[in-house]
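What follows is the residue order along each chain.
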Amino acid sequence: MPPAGAAPVVAPTQPERRRANRRKTKDVVVTEPAAAQVPAESVPVAQGVPARQPAPAPPLPEHPAEAILLPVTVAPEDKYADLIGQAVGLRLDSVSREFGGDDEMHVTALRDVSIEIGPCEFVSVVGPSGCGKTTLLSMMGGLDRPTSGHVYAAGLPLAELSDSDLADYRLQRVSTIFQSFNLVPAMSVEDNVALPLTLAGVEVEERRRRARHLLELVGLEGRAKTRASRLSGGEQQKVAVARALANRPGLILADEPTGSLDSAAGEAILNLLADLNHRGATVVLVTHDPEVARRARRVVRMIDGRAIELDHGNQTVRKQDPVVPPARLHWRDTLKVGLGSAGRRPLRTSLTTTGVAIGIAAMSLIVALAGGLQSALSAPALAKSQLHQVAVYPSVDANSGAFDAGTLATLGAQQHVRTAWGQVAMSGTFDAGPAKGQDYPQVGALVSLPPGNQTSQSIVLIAGRMPASDSAPEVLLTDSQVVVLGLTTPASALGTNLKFSALYGVLALPGMQRNPAIHRVPLQLTVVGVVSSRFMPGGTPGGLVPYALAGNYWTQVAQANRWKGGEFNTITLLADSGSAVNSVRDRVVALGFQAQTFGDQFRGFEDLLGRLRLALLGLAIVALLLACLGIANTMYTAVLERTKEIGVLKALGARSRDVLLFFVAEAAMIGVAGGLIGTLAAVGLSRLGNSVVDRLTQGVAAGGLDVFRPDVSVVLAGLALAVLLSTVSGLLPAVRAARQDPVRALRYE
């Protein structure tokens, strides 16, 4: 009880600052109650006596139940995200545009037009045909320059920008949906949509992914690989819309985007434009349809080149993010576009490529021939001994037509003659015997080989080996004689025993059947090798025997038939040095004989090749001139045929340099194809020419003469020449294409 006279005191108690722990059980949520204010009557407190503390809270459960996780809500994917860039504001100050010069009809398309379009506005431009709507869009899109006045876009004075900066503006800031679609007919739908990305240097995989995504938005994902020329008008319009969104524009200029579409497709395109506007893009829509114009928030009416606004929009922003020079076309894409352009006209390209190939092949053959002639004299086929040899023949008026041993000794004793030998040649029969299926002997010639120390470098064997010594009873049969004797292969002829019987002491040629052998003297021989018939005089079939063996056999036959001479067909003199060859030849001629050095033989052959070189040079010059004219004509025609395509490229942001490189790359591709074909043809013709030369020089060289040497340097030089000539030939048309005005190019038909 409180003391008497004491007033009652209400002691407010502070509520407990405890965290309200909500424990989730199966179906119950337990909450810990908080303390409230307590009246003094229920808690009597005397002066000086502390108030009683409130009762403690009930205890919490020792084992709380597991929490129930609610499902995470995933926001639906926005397929329209990442379609636009920073919105672009526009301002036209007293803009006029006039067409025509002194010799042309004068037309005023725009008359003192002043319009201001703020960022993120949706403006429609309406008016009759020919009132200047499309010209107005060209001014806004940086495709054309005003005759007077100023055009500002994204804070940039478009009329004062260079062509390269304008191309950057068109590539980064603005996209135009053309009324006539302006697709590249030869390209696929996907390549058309990806064309702005190609110009911007985007990697292949990224631009393909984005192009397919944009085609999916307009409902043409199933037509990605179809050529644009095979689409209907409505489908082409959808492709044009997809292409306009490729580089995330901030300004979309739509010139009658629903003109070629049905009502449902047109409504989808208008909804897409409205959605892009809601997301921040500035949209300027040109249309004839009042219903379409009502979709915009603001309408501008064009009448006779003048703009009439019913209400004014927001002011544009002068200072916006600068146009940073974008990444540009990769050289691989340049070559790809050039190759694709060359393949659009296969017949014309093939004819031009053939002209380049002929010229390059002829030039490569000339270079190969020049290099081959320089090294021919040092080739293994022309041994040093052959270069030092002087061949001696009987004089024209000589009765015998042959030499005897005395003449050989006299000539061998001449000054600067190291050694001399004669060629023994007899006509007779070869008999392989009945074991080889021969019922009767076969006619052939037996010719002596040079002395052993002069033979190894001058004879090339098909099979077998050379005779063991100068006196061994062994023979090298010619391949033609092997066939005549009925031996199946050169290898099967080896080891065959033959019997040769001379019929004449010389080669039995017409008018030279001297020293007949009435008394036959057989010579037993064993076949040890097979050679080509070109090693025989005149290519006659027969065999070659060792030098001493042939001389001894001729002596035996001469004694049996009492021949008086004519042992040697020809005599060969070997000079002691190369400088002495001509002097030895001159002394032999002074003695009344005919003489010929290897240099004389090669000089005649070189004259033949020289005439061939001149003919090839003339052919090469004519072919290359025609090829250059053909390339220039092809490229010039391509510029005319693709004028509208050039306008499309420039409207999408291609610089003049990009257009130039497209056409130069196309010409270079023709050069590469012609160069490859020409150099490969030159290699093949060189091998064929070497084989022909080998046949022509079978009496001059023992082995092959590689007078045509098309090495790697020749091939590379021919290829480089083809590319250079093609590029230079296509440069002038390429410059013409690069200078095309985009507005005029787009109107070209």
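The rules behind each value
Residues numbered from 1 in each chain as written. Predicted model: local features only at pLDDT ≥ 70, side-chain atom pairs only at ≥ 80, totals over all residues. Heavy atoms only, no water. Helix = DSSP H or I, 4+ residues; strand = E, 2+ residues; numbered from the N terminus. Buried < 20%, exposed > 50% of the residue type's maximum accessible area, 1.4 Å probe, protein only. Contact = heavy atoms within 4.5 Å. pLDDT = per-residue confidence, 0-100. Pairing = 2+ DSSP bridges. Axes fitted to C-alpha atoms, helices over the stretch in contact; angles between N-to-C directions. Phe/Tyr/Trp six-rings, centres within 6.5 Å; stacked < 30°, edge-to-face > 60°. Salt bridge = Lys/Arg side-chain N within 4 Å of Asp/Glu carboxyl O. Parallel < 35°, antiparallel > 145°, perpendicular 65-115°, else oblique. Left-handed = near helix turned anticlockwise from the far one by under 90°. Nonpolar A, V, L, I, M, F, W, Y, C, P; charged D, E, K, R; others polar. Core = buried A, V, L, I, M, F, W, Y, C linked by side-chain atoms within 4.5 Å.

### Thoughts on the side chain of Thr 352
Next up, step 1: Within the secondary structure layout, Thr 352 lies in helix H9 (residues 346–376).
Next up, step 2: The class for Thr 352 is buried, based on a relative accessible area of 6%.
Next up, step 3: Apart from residues lying up to four places away in sequence, Thr 352 is in contact with Ala 627, Gly 630, Ile 631, Thr 634 and Ile 670.

### Things to note about the confidence of the model for the protein chain
Next up, step 1: The pLDDT averaged across the protein chain works out to 79; a share of 78% of its residues lies at or above 70.
Next up, step 2: Scored below 50 in pLDDT, residues 1–53 makes 29 contacts in the model with residues more than four places away or belonging to other chains.

### Examining the sheet that holds strand S4 (residues 107–117)
Next up, step 1: Taking strand neighbours across the sheet as the criterion, the 4 strands line up as S4-S3-S6-S7 in an open arrangement whose pairing is antiparallel. In the strand order of this sheet, the two ends are held by S4 and strand S7 (156–157), each with one partner.
Next up, step 2: The pairing of strand S6 (residues 148–153) with S7 spans 2 bridges and is antiparallel. Counted as the bridge partner of Ala 153 is Leu 156 from S7.

### What about the environment of Arg 111?
Next up, step 1: With respect to the helices and strands, Arg 111 occurs in strand S4.
Next up, step 2: On a C-alpha basis, the gap between Arg 111 and Gly 305 in space is 5.2 Å, while along the polypeptide they are 194 residues apart.
Next up, step 3: Apart from residues lying up to four places away in sequence, Arg 111 is in contact with Val 95, Ser 96, Asp 304, Gly 305 and Arg 306.

### Describing the pairing of strand S12 (residues 306–309)
Next up, step 1: One ladder, built from 4 bridges, connects strand S11 (residues 298–303) with S12; its direction is antiparallel. Bridge pairing in S12 links Met 302 to Ala 307.
Next up, step 2: Hairpin connection from S11 to S12: 2 residues lie between these consecutive antiparallel strands, with Asp 304 at a positive phi of about 50 degrees.

### A look at the sheet that holds S12
Next up, step 1: Strand order in the open sheet made by the 6 strands is S8-S9-S10-S5-S11-S12, with mixed pairing throughout. At either margin of the open sheet sits one strand with a lone partner, and together these are strand S8 (174–177) and S12. For this sheet, the mean angle separating the axes of adjacent strands, direction not counted, is 20 degrees.
Next up, step 2: For S8 and strand S9 (residues 251–255), the ladder comprises 4 bridges, and the chain directions are parallel. Across the sheet, the residue bridging to Ile 177 is Ala 254, located in S9.

### Comments concerning the packing of aromatic side chains
Next up, step 1: On inspection of all chains with the given rule, the structure shows 4 aromatic pairs.
Next up, step 2: Ring geometry for Phe 500 against Tyr 553: centres 6.1 Å apart, planes inclined by 65 degrees, an arrangement best described as edge-to-face. In this pair, Phe 500 is assigned in strand S19 (residues 497–504) and Tyr 553 in helix H14 (residues 547–561), connecting sequence segments 53 residues apart. Comparing Phe 500 with Tyr 553, the two get one shared label, buried.

### Section: the pattern of salt bridges
Next up, step 1: A full pass over the atoms with the stated rule returns 17 salt bridges.
Next up, step 2: Notably, a salt bridge pairs Arg 223 with Glu 235, separated by 3.4 Å at the nearest N-O pair. Separated by 12 residues along the polypeptide, Arg 223 in the loop between helix H4 (204–217) and helix H5 (233–244) and Glu 235 in helix H5 bring together distant segments of the chain.
Next up, step 3: Taking relative accessible area as the criterion, Arg 223 reaches 29% and is therefore assigned partly exposed.
Next up, step 4: Among the ionic pairs, Arg 642 bridges to Glu 645, the shortest N-O distance being 3.4 Å. Considered together, Arg 642 and Glu 645 belong to a single accessibility category, that of buried residues.

### Regarding the packing of helix H3 (residues 189–199) against H5
The geometry of a pair of packed helices is captured by two quantities: the angle between their axes and the separation between those axes.
Next up, step 1: Running from N to C, H3 and H5 cross one another at 30 degrees; their axes reach a closest spacing of 8 Å. Viewed along their axes, H3 and H5 adopt a mutual orientation that is roughly parallel. Classified by chirality, the crossing of H5 by H3 is right-handed. Of the residues in H5, those in contact with Val 189, Asn 192, Val 193 and Pro 196 of H3 are Val 239, Ala 242 and Arg 243.
Next up, step 2: Residue classes in the contact of H3 with H5 are distributed as 5 nonpolar, 1 polar and 1 charged.

### Side note on the nonpolar core
Next up, step 1: Leu 446, Tyr 553 and Leu 573 are the most contacted members of the largest nonpolar core, which has 45 residues in total.
Next up, step 2: The biggest single contributor to this core is H14, with 7 residues.
Next up, step 3: For Leu 446, the contacting residues outside a window of four places in its chain are Val 424, Ala 425, Met 426, Phe 430, Val 475, Phe 500, Leu 523, Leu 525, Gly 543, Val 545 and Tyr 553.
Next up, step 4: With 41 residues, the next largest nonpolar core counts Phe 122, Leu 231, Leu 261 and Leu 270 among its residues.

### A word on helix H1 (residues 133–140)
Next up, step 1: Of all 8 residues making up H1, 7 are buried, and the element is well covered by its neighbours.
Next up, step 2: Turning to H1, its buried residues are Lys 133, Thr 135, Leu 136, Leu 137, Ser 138, Met 139 and Met 140.
Next up, step 3: Just downstream of H1 lies Gly 142, where phi reads positive at about 75 degrees.

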